[in-house]
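# Reading the structure
Given next are the chains, with one letter for each unit.
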Amino acid sequence: MRAPLPIHHSVVVIGGGQAGLSASYHLKRHGIDHVVFEKNRIAHTWRSQRWDAFCLVTPNWQCQLPDFPYAGPEPHGFMPREEIVAYVEAFARRTGVPVREGVAVTRVARRDEGFLVETSEGHVTADAVILAVSAYHIPKIPAMAAGAPKGIVQIHSSAYKNPDQLPSGKILVIGSGQSGCQIAEDLHLAGRTVHLVVGSAPRCPRFYRGRDAVDWLDDLGQYEMTVEDHPLGEKVRGNANHYLTGRGGGRDIDLRRFANEGMVLHGRLTGIENGRLTLADDLARNLDAADAVYNGICALIDRHIAEKAIIAPEGAHYSPVWQPGEPVRSLDLEAAGITGIIWSTGFRSDWSWVDLPFLDETGYPAHRRGVTDVQGLYVVGMPWLWTWGSGRFLSVGRDAGFVVDHLAALRANEMGSTPARMAV
């Protein structure tokens, strides 16, 4: 039995992942009373929505939670799932987060000058609310999935654990973003025949000219570029992440090499009807576009090395090792021997429980650097919240620090005291 909820908190943080925990750290730094509600357990997504062989794509040194950087023996390694969970849990213990696990928030609304937060354990009022629940809420499986034969097992990528989870036979992976490509590799390495539907996601070299490409990109300031400085502006938030892997010490993911080894690549999926896939004739174009991004990153690093007169080994740009043949425009799933489908098709957001006018016309939280137009309401932990590093361990703590500094300054102004200095 635990104590009942207090009637009021100065701040309610919703979400017990790295974003919510970072917000709690900064609230404690300011001495602001708060509670963190987590409907499952701390680090739930890392714990339950990642496959067994999952590891970070970015090197460990980018794990920079507030006052708790990675301190292990492999800063240029890639933590597996269990170590990621342990890192987040250790940060929570060090910070002394006032988290209440197993408490689901069902509604957030206005109450007088503050907020009403309805939970599975009762109602609480708050002066401010920080939404730290990312933007990936509900696994997205398109309606066309109903056109697959009833006997074929279908799961979302967030539910995939390992190859033994699926029936014997060939497996279709739909989507070639980070998760789709890594899951396809996981199945391929286990000796399973994989059909992969390839979309428009870009790829990135793992190592180039003697260093991890992430190290070079960090030197180039790519992770510090703000959403306002990016050529695409806020549209960059919809971009797919580059695919590569930290598995086995880190390496490229080369779909063309996989094709040479027996993986079957297809163009974009346009429909499923009566057990038959309809596929676009864009496989060659999608592979070429991904390779162009890969080589563009190499060229960017080349220019940096030349401009700074850095001594580095030579590096070769990527040359295709396989080319698609005649496109397959239609595929009968049962005739092809496909027994399972993994939908690596992303997530959709669900903000229906936030009864406040904070969304833009697309249904995305309208904010600038996490500060919404609803006074006292903040968001953290979303991709490209402010920089490319926002959706990573690298900058989520800094983003949380900014919104909490803003919140603290607002409180100080309302109380008539000297406002706290705003983060920059």
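That block above? That's the structure.
Presented here is a report on the structure given in the accompanying data block.

What counts, and where the lines are drawn
Residues numbered from 1 in each chain as written. Predicted model: local features only at pLDDT ≥ 70, side-chain atom pairs only at ≥ 80, totals over all residues. Heavy atoms only, no water. Helix = DSSP H or I, 4+ residues; strand = E, 2+ residues; numbered from the N terminus. Rg over C-alpha atoms; globule rule 2.2 N^0.38 Å. Buried < 20%, exposed > 50% of the residue type's maximum accessible area, 1.4 Å probe, protein only. Contact = heavy atoms within 4.5 Å. Areas by Shrake-Rupley, 256 points an atom, 1.4 Å probe, with all protein chains shown as cover. Lys, Arg positive; Asp, Glu negative; His and termini not counted. Charge placed at Lys NZ, Arg CZ, Asp CG, Glu CD. Core = buried A, V, L, I, M, F, W, Y, C linked by side-chain atoms within 4.5 Å. Pairing = 2+ DSSP bridges. Axes fitted to C-alpha atoms, helices over the stretch in contact; angles between N-to-C directions. Expected span 1.5 Å × (residues − 1). Salt bridge = Lys/Arg side-chain N within 4 Å of Asp/Glu carboxyl O. Disulfide = S-S within 2.5 Å. Parallel < 35°, antiparallel > 145°, perpendicular 65-115°, else oblique. Left-handed = near helix turned anticlockwise from the far one by under 90°.

## Considering the overall build of the protein chain
If you tally the helices and strands in the protein chain, you get 8 helices and 23 strands. The globule rule puts the C-alpha radius of gyration for 424 residues at 22 Å, and the 23 Å found for the protein chain is close to it. Taken along the three principal axes of its C-alpha coordinates, the protein chain extends 70 × 60 × 40 Å. For the protein chain, buried positions account for 52% of its 424 residues. Put simply, 69% of the contacts in the protein chain that link residues at least 6 apart link residues at least 24 apart. With an accessible surface of roughly 18900 Å², the protein chain has 51% of that area assigned to carbon and sulfur atoms. Across the protein chain, the 42 positively charged side chains and the 47 negatively charged ones have centroids separated by 2 Å.

## Quick word on the nonpolar core
If you look at the biggest cluster of nonpolar residues, it comprises 65 residues, and the most contacted ones within it are Trp46, Ile130, Leu187, Leu255, Leu265, Ile342 and Phe393. Residues Leu5, Ile14, Val117 and Tyr364 belong to the second largest nonpolar core, which totals 26 residues.

## Some details on the sheet that holds strand S10 (residues 153-156)
On the basis of which strands lie adjacent, the open sheet formed by 5 strands has the order S10-S19-S11-S12-S15 and parallel pairing. Either end of the sheet is taken by a strand with one partner, and the two such strands are S10 and strand S15 (264-266). Here the strands of the sheet are splayed against their neighbours by 20° on average, with no regard to which way each runs. Here strand S11 (residues 170-174) pairs with strand S12 (residues 194-197) via 4 bridges, running parallel. By the bridge assignment, Ile171 is partnered in S12 with Val194.

## Looking at helix H3 (residues 81-95)
Here H3 is 15 residues long and its end C-alpha atoms lie 21 Å apart, about the 21 Å a rise of 1.5 Å per residue gives. All of the buried residues along H3 are Arg81, Ile84, Val85, Tyr87, Val88, Ala90, Phe91, Ala92 and Thr95. Where the residues of H3 are buried, they touch helix H1 (18-29), helix H2 (44-48), strand S3 (64-65) and strand S4 (68-69). After H3 finishes, the residue Gly96 shows a positive phi value of roughly 70°.

## Quick notes on unusual backbone geometry
Leaving glycine aside, a negative phi is the common case for residues, and trans is the common case for peptide bonds. Despite not being glycine, Asp67 has its phi angle at roughly 55°, a positive value. Considering the arrangement of structural elements, one finds Asp67 in the loop between S3 and S4. The phi torsion at Arg209 lies on the positive side, around 55°, for a residue other than glycine. Overall, the relative accessible area of 12% leaves Arg209 in the buried class.

## What to know about the pattern of salt bridges
Here the structure, examined in full by the defined rule, presents 23 salt bridges. The residue Asp52 makes a salt bridge to Arg81 at a minimum N-O spacing of 3.4 Å. Of this pair, Asp52 sits in the loop between H2 and S3 while Arg81 sits in helix H3, placing them 29 residues apart in sequence. The class of Asp52 is partly exposed, set by a relative accessible area of 36%. Residue Arg81 is classed as buried on the basis of its relative accessible area, which comes to 13%. The partner of Arg237 in a salt bridge is Glu234, with the nearest N and O atoms 3.7 Å apart. By sharing partners, the salt bridges in this structure join Arg203, Arg256, Asp288 and Asp291 into a single network.

## Re helix H8 (residues 396-415)
Here H8 spans 29 Å end to end across 20 residues, near enough to the 28 Å set by a 1.5 Å rise per residue. Most of H8 is tucked away, with 14 of its 20 residues classed as buried. Positive backbone phi, at 80°, marks Gly416, one or two positions downstream of H8.

## Digging into the state of the cysteines
Within this structure, the stated rule accounts for 0 disulfides. The thiol of Cys181 is not disulfide-bonded; the next cysteine sulfur, from Cys204, is found 13 Å away. Here Cys204 is not cross-linked by a disulfide; its sulfur's nearest cysteine counterpart is in Cys298, at 7.9 Å. When its relative accessible area of 6% is taken as the criterion, Cys204 is described as buried.

## Observations regarding the sheet that holds strand S18 (residues 330-332)
Ordered by their spatial adjacency, 3 strands build an open sheet running S16-S17-S18, and the pairing between neighbours is antiparallel. Lying at the two open borders of the sheet, with one neighbouring strand each, are strand S16 (269-273) and S18. This sheet shows a mean twist of 20° between the axes of neighbouring strands, independent of strand direction. Strand direction decides the pairing type here: strand S17 (residues 276-279) and S18, joined by 3 bridges, are antiparallel. Within S18, the residue paired with Thr278 across the bridge is Ser330.

## Focus: the packing of H1 against H8
Closest axis-to-axis distance for the H1/H8 pair is 8 Å, and the angle between their directions is 45°. Considered as vectors, H1 and H8 are oriented oblique to each other. In this structure, H1 meets H8 at a crossing whose hand is right-handed. Within the contact between the two elements, H1 uses Gln18, Ala19, Ser22, Ala23, His26, Leu27 and Arg29 and H8 uses Val396, Gly397, Ala400, Gly401, Val404, Asp405 and Leu407.

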